[in-house]
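Remarks on the overall topology
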4 protein chains.
Amino acid sequence: MSTQMTFGSDNHAGIVPEVLAAIAEANVGHALGYGADEWTVRAEAVLGETFGDAAYALCLTGTGSNVVALSLALRGWESVLTARGAHIDLDEAGAPEHITGSKIETIATPDGRLTPQLLEGALRSNEQHHVVQRVVSITQSTECGTAYAPAAVQELADWAHAHDMLLHVDGARLCNAAAHHGCGLAEVASGADIISFGLTKNGAMGAEVVVAINPTLRAPIQNARKQATQLQSKLRFVAVQVTALLTDDRWLAHATHANAMALRLAVGISDAAGVSIVHPVEANAVFAVLPLERIVALSEQHQFYIWDATNNVARLMTAWDTTPADVDALIAAICG
Amino acid sequence: MSTQMTFGSDNHAGIVPEVLAAIAEANVGHALGYGADEWTVRAEAVLGETFGDAAYALCLTGTGSNVVALSLALRGWESVLTARGAHIDLDEAGAPEHITGSKIETIATPDGRLTPQLLEGALRSNEQHHVVQRVVSITQSTECGTAYAPAAVQELADWAHAHDMLLHVDGARLCNAAAHHGCGLAEVASGADIISFGLTKNGAMGAEVVVAINPTLRAPIQNARKQATQLQSKLRFVAVQVTALLTDDRWLAHATHANAMALRLAVGISDAAGVSIVHPVEANAVFAVLPLERIVALSEQHQFYIWDATNNVARLMTAWDTTPADVDALIAAICG
Amino acid sequence: MSTQMTFGSDNHAGIVPEVLAAIAEANVGHALGYGADEWTVRAEAVLGETFGDAAYALCLTGTGSNVVALSLALRGWESVLTARGAHIDLDEAGAPEHITGSKIETIATPDGRLTPQLLEGALRSNEQHHVVQRVVSITQSTECGTAYAPAAVQELADWAHAHDMLLHVDGARLCNAAAHHGCGLAEVASGADIISFGLTKNGAMGAEVVVAINPTLRAPIQNARKQATQLQSKLRFVAVQVTALLTDDRWLAHATHANAMALRLAVGISDAAGVSIVHPVEANAVFAVLPLERIVALSEQHQFYIWDATNNVARLMTAWDTTPADVDALIAAICG
Amino acid sequence: MSTQMTFGSDNHAGIVPEVLAAIAEANVGHALGYGADEWTVRAEAVLGETFGDAAYALCLTGTGSNVVALSLALRGWESVLTARGAHIDLDEAGAPEHITGSKIETIATPDGRLTPQLLEGALRSNEQHHVVQRVVSITQSTECGTAYAPAAVQELADWAHAHDMLLHVDGARLCNAAAHHGCGLAEVASGADIISFGLTKNGAMGAEVVVAINPTLRAPIQNARKQATQLQSKLRFVAVQVTALLTDDRWLAHATHANAMALRLAVGISDAAGVSIVHPVEANAVFAVLPLERIVALSEQHQFYIWDATNNVARLMTAWDTTPADVDALIAAICG
């Protein structure tokens, strides 16, 4: 079957070898289900070394971990403030509203990043006709391929807390943000009350983790996970994926590589005729205007998405397995 | 880590080798995500050979596939009739009510099986104060280890349709029911409008399928799956699990084996002092009264559940990897 | 149009004159909407004299006030324990599950009353697969026309609190219970964390009040009311209904009268051939077995409900406007 | 208590005399509850003369009737497209998302009115990650005091139907729109599949009607109303409000008057220093920039809302009981 390299999504990549090996290694005999096994204990210990004191819930999909996280933070009459076009707004088929029962309010941003100033503009008076604005949700790194600096995240956390709100970080690509800023995973989510920490895009088969840092959010995390349909019975096979990627900083190696490939790509095409880079390249995505006459053919050949057809903007994503040769081939095709 | 054989759940077993091999084999290069890959196409073709014309959605957890199936069949003011203690009633942390927004009405049964007579007793007048009774949900095989005969399922389907209702089959152990009755998977869900077809307990790592047979339920199946957080990005790795188990009737071999181990166990203990078998053994579970003075120690040693502490009833489950020697050891311990 | 007296429901009665007069009296000029008016302030003051320190939300329907109360007490993965056949279980079209997102668990009772012993039997282990049992909901007076004594309510409250649960009282007929036990409205809900206090059946046009006593439930009461669609814009016209009925113990006069009419009816028919009284008559309802050969004709003539067709049980309800002559006419018809 | 005339909301006005008289007149003896009474039959007949063949559900609040209407039109994974700042978006405490389980997508408009062009810009590709865009919801007259012409509504209906969508009209002030355009209530909602028809702002105490025109939406209207907590037990008292206002075109007289008062006000202040009219005055609201130095004092004295504090925009609303003298007094105060 098809094995061609694509630039469509980091989801197109497969499983990193160490994860697959860990799954095979854990496939020995019986183990208690639903997390009452030694592999899950180990994964939570490794997560504790990474994120510190918190409650953890291993999940299966990014939408799932976002829903679990938000359901812990929200009552039905409360709302989430997030960037327009955030994954929870646009790409989760309405799951956040449907399962949490809460409203999502969106704010237009220039590059996917919220700021205190943008949030101020969305504040509403607190009266009974309105939802109670309760959660600020940011994506790290963002849907535009930019990454908040740790201080910027902390600033948003401080703003949220000063307004009696909580900060949620959708960290489907938290690894890429940390790699870009040269800091730890916890640091790049500084001040967050709850994190959806994703490893699938980093090379797992399917492993996401809800990290509940704020003590008031922790108690019902397992019930919330089960109710959101995210509790795998044979949980050891999710746990070992987490342990494998957090061991020996493998997550960092994969993210650093993917980021480097994106930067190589951006540098390689930035001077080409009809090409311009739309957003700072701070993770593993390049948003670029491509020549009108070739963008469709290129997108079909290299299977990337035309993000904004009106302005000929393509999204070019790299992954843990993108090679310099793959990148150079795409550069050549674009610059052709 | 622990590899001791247990009788606690078919979830305690690991992954059958052919499934693990299929995952490894599919781990080659890039593939489009979310089902737009060749492995998913193949899995749906194999499912089509098994269940016929239907819409399919590959899912991750049993609760997830139940929620997707029910959400396709229900409006908010409609209800589900099911056996008291069914998985959707008791063991899904309220996910069905929470995500579908609909009520579950439960009916007491002697052995987990609903009948038209039991359903008649639960019928209510159709008035605006009541929910509209819309779905009959049965578990095949049941939570009591019994399995509906194909004709019994068809009879329930006919009853449902005659009352303007739909039949949902929670087939987390559909394979065991088919193996017991010596018929096909579709046959053991005869007349069903929608099926949650489980393969995890049959030896998959985590693979469940919603099978929407009734044409009026099919169109939004992908949106419903996504909204229920059940859409895996790297879906090829779920698809190959389905294909692996449906190929060469492997599902049948695993289920037949597990059922045979349960029967061996039941036969082996049925005459022992203080032991009585509670329900007919028609799948891979034995419900047995065990001697009061030893049931706790046995449950700890062999890690099975005491299902009904008041009456000393244990649930003893076998799996694809339970060996005759494992069974004989438990028989010896119980008959001790 | 039809003005015949019926025994079908206390909802069949109209508006007591003092309520209608109060509405007319408040219909003067402009007033701020949604509760920011002087009439609402006065109603809340009167409620404060009745129930003490609490947060109040004036609502429009009994289902509405139940939903608001339960939504304040529940998270999505939590459940309500209630008597089978309670209004929230049977007669609200699934609104509690749908709007709170939480499960309702029902317990069979002999006469509509829960007891600590019955609740003990419904307790489940607290594990992630289960909902978290969080609220005990009782109806005062019950759907069977019985009324908990204040000490019995307090005992249930103590039981709930000892199990980390809350007590909700559906007081659609709280007035009738208080009248029966000769005590105050607060006393007949002793220990409750939250009350749905109904006045419509007492003679209002449509006025129900959520009384949030437990301080942890109070803050979002207005948002919860608005989200449950229960906030009337011209709220003064609801407020004056509350004030009118709580002034000069009018509620007590109406409830005492209705109860007395029920007792007169029960006494009058209890010795008749083929008649037996099913439940103690402690409010304004009589549940009675009536002669098989006449029950249908009687129900059509006097417009009461046949509650249990299998056993010829009728529900005969009295209201604030039922006269002794009305009762005597029904007695004569039944004994005839 | 306070009887001062305000310009804050048409909700500040009381009950028109003919409605109060109708309530008093219906308060005779017993009537079956929940709509099985002669007054409800009559109200539905009058509604049928107004809107034609449809299913009707009498409701209590505007939020309630919107939720009932939308819940009939939507599945959980579908969405509503509406103007940013529409009542369902901003002023219903998240009830539409919470109770329907569906997403609301908002579109910025210059004057509260959607157009096919604006809708085109919000269309998304139909894929499983997205919600299915299913309902266009417009407010007639709009939150900006403008009113769609019948042809404009029909054009939106045609657009919606061409895109496999439905048109919902939030007609909280449908009467004002019809009065402005000199046409019937049905005409000013031309092509709509479902209407929330409000009479409270027209002078009722509290009466709203869901009008389900599209035959595919009708069947469960009563269950949806009950589940949304909107079913009044003593429904005759809601029914007579509807009948009273629809009889002898009283609705038209009230709306025509309120509109005329708004126009009188707009004309009277439009030339004053520092004043400008923001939106066309096509209903009973005037949006006007008022002088910075006096807007706060004026708003407190005449109890109107400062709609946009940044730009000194006030919302000045008239009602059925606003007199020319009231208007002239406000004109004098503003121009002062």
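In short, a report on the structure. Just so it is clear, the structure is predicted and the values come from calculations on it, not from any experiment.

Bringing the overall build of chain A into the picture now. When its secondary structure is counted, chain A shows 13 helices and 11 strands. For 336 residues, the compact-globule estimate of 2.2 N^0.38 gives 20 Å, and chain A sits close to it at 20 Å. Oriented by its inertia axes, the alpha-carbon framework of chain A measures out at about 60 × 55 × 30 Å. Buried positions account for 66% of the 336 residues belonging to chain A. Put simply, 73% of the contacts in chain A that link residues at least 6 apart link residues at least 24 apart. Only carbon and sulfur atoms are counted for the fraction: they give 54% of the accessible area of chain A, which is about 10,400 Å². Computed over 18 positive and 35 negative side-chain charges, the inter-centroid distance for chain A is 6 Å.

This brings us to the packing of aromatic side chains. Residue and element names in this part refer to chain B. In total, this model carries eight aromatic pairs over all chains according to the counting rule given. Between F51 and F197, the aromatic rings sit 5.1 Å apart at their centres with planes inclined by 70°, giving edge-to-face as the arrangement. Placement of the pair is F51 in helix α2 (residues 38-51) and F197 in strand β6 (residues 194-198), with a sequence separation of 146 residues. For the pair F51 and F197, one class covers both residues: buried.

Moving on: the relation of the copies chain A and chain B. Mapping chain A onto chain B calls for a rotation angle of 180° and an axial translation of 0.0 Å; the resulting RMSD is 0.0 Å. Here the two chains are linked by the operation of a two-fold rotation axis. For chain A, the minimum C-alpha distance to the rotation axis belongs to I99 of chain A and amounts to 2.9 Å. A high fraction, 100%, of the interface residues of chain A reappear at the interface in chain B, so the copies pair face to face through one surface.

This part covers the interface of chain A and chain B. Taken together, the contact pairs 60 residues of chain A with 60 residues of chain B. Surface buried jointly by chain A and chain B totals about 5,100 Å² across both partners, of which 56% is contributed by carbon and sulfur atoms. Linking chain A to chain B there are 36 residue pairs in polar contact (both at pLDDT 80 or more). Broken down by secondary-structure element, the contributors of at least two residues to the side of chain A that touches chain B are α1 (17-26), α2 (38-51), α3 (62-73), α5 (95-100), α9 (221-227) and α10 (236-246) of chain A. When grouped by side-chain class, the residues that make up the side of chain A that touches chain B number 23 nonpolar, 28 polar and nine charged.

Turning to the interface of chain C and chain A, a few remarks are in order. Contact with chain C, which involves 22 residues of that partner, is made by 22 residues of chain A. Summing both sides of the interface, chain C and chain A together bury roughly 1,800 Å²; the carbon and sulfur share of this comes to 49%. Considering only the surface of chain C that becomes buried against chain A, W77, Q128 and N223 of chain C emerge as the three largest contributors, covering 41% of it. Applying the counting rule to chain C against chain A returns zero salt bridges. The interface formed by chain C and chain A includes 15 residue pairs in polar contact (both at pLDDT 80 or more). Looking at the side of chain C that touches chain A, the elements that each hand over two or more residues are α3 (62-73) and α9 (221-227) of chain C. No other element matches α9 of chain C, which puts six residues into the side of chain C that touches chain A.

Along the chain, H254 of chain C turns up in helix α11 (residues 250-269). When near neighbours in sequence (up to four residues on either side) are disregarded, H254 of chain C contacts V16, E18, N202, L245 and W320 of chain C.

With that settled, the discussion passes to the sheet that holds strand β4 (residues 132-139) of chain B. To summarise the sheet geometry, strands pair through backbone hydrogen bonds and adopt either a parallel or an antiparallel arrangement. Residue and element names in this part refer to chain B. The seven strands are arranged β1-β7-β6-β5-β4-β2-β3 in an open sheet whose pairing can be described as mixed. Edge positions in the sheet fall to β1 (55-59) and β3 (103-107), since each has one partner strand and no second. If you compare each strand with its neighbour and ignore which way they point, the axes differ by 20° on average. Pairing of strand β5 (residues 166-171) with β6, which is carried by four bridges, proceeds in the parallel orientation. Bridging across to β6, D170 finds its partner in S196. Taken strand by strand, helix α8 (residues 174-181) contacts β5 and β6, and its axis lies near 95° from that of β6.

This part covers the pattern of salt bridges. Tallied over the entire structure, the rule returns 38 salt bridges over all chains. Residues E105 of chain A and R124 of chain A are paired through a salt bridge, measuring 3.0 Å at the closest nitrogen-oxygen approach. Residue E105 of chain A is found in strand β3 (residues 103-107), and its partner R124 of chain A is found in the loop between α6 (116-122) and β4 (132-139); the two are separated by 19 residues along the sequence. Under the relative-accessibility criterion, R124 of chain A is labelled partly exposed at 30%. With its nearest N and O atoms 3.2 Å apart, the salt bridge here joins D53 of chain C to R218 of chain C. Of this pair, D53 of chain C sits in the loop between α2 (38-51) and β1 (55-59) while R218 of chain C sits in the loop between β7 (208-212) and α9, placing them 165 residues apart in sequence. Its relative accessible area of 61% is what places D53 of chain C among the exposed residues. Ionic contacts of the salt-bridge type, sharing partners, join the residues E78, R134 and D164 of chain A into one network.

Criteria and thresholds
- Residues numbered from 1 in each chain as written.
- Chains lettered and ligands numbered in written order.
- Predicted model: local features only at pLDDT ≥ 70, side-chain atom pairs only at ≥ 80, totals over all residues.
- Heavy atoms only, no water.
- Helix = DSSP H or I, 4+ residues; strand = E, 2+ residues; numbered from the N terminus.
- Rg over C-alpha atoms; globule rule 2.2 N^0.38 Å.
- Buried < 20%, exposed > 50% of the residue type's maximum accessible area, 1.4 Å probe, protein only.
- Contact = heavy atoms within 4.5 Å.
- Areas by Shrake-Rupley, 256 points an atom, 1.4 Å probe, with all protein chains shown as cover.
- Lys, Arg positive; Asp, Glu negative; His and termini not counted.
- Charge placed at Lys NZ, Arg CZ, Asp CG, Glu CD.
- Phe/Tyr/Trp six-rings, centres within 6.5 Å; stacked < 30°, edge-to-face > 60°.
- Least-squares fit on C-alpha atoms with pLDDT ≥ 70 in both.
- Buried area = accessible area lost by both parts, 1.4 Å probe.
- Polar contact = N/O pair within 3.5 Å; in protein donor to acceptor, adjacent residues only side chain to side chain.
- Nonpolar A, V, L, I, M, F, W, Y, C, P; charged D, E, K, R; others polar.
- Salt bridge = Lys/Arg side-chain N within 4 Å of Asp/Glu carboxyl O.
- Pairing = 2+ DSSP bridges.
- Axes fitted to C-alpha atoms, helices over the stretch in contact; angles between N-to-C directions.

That is the geometry; function is a separate question.
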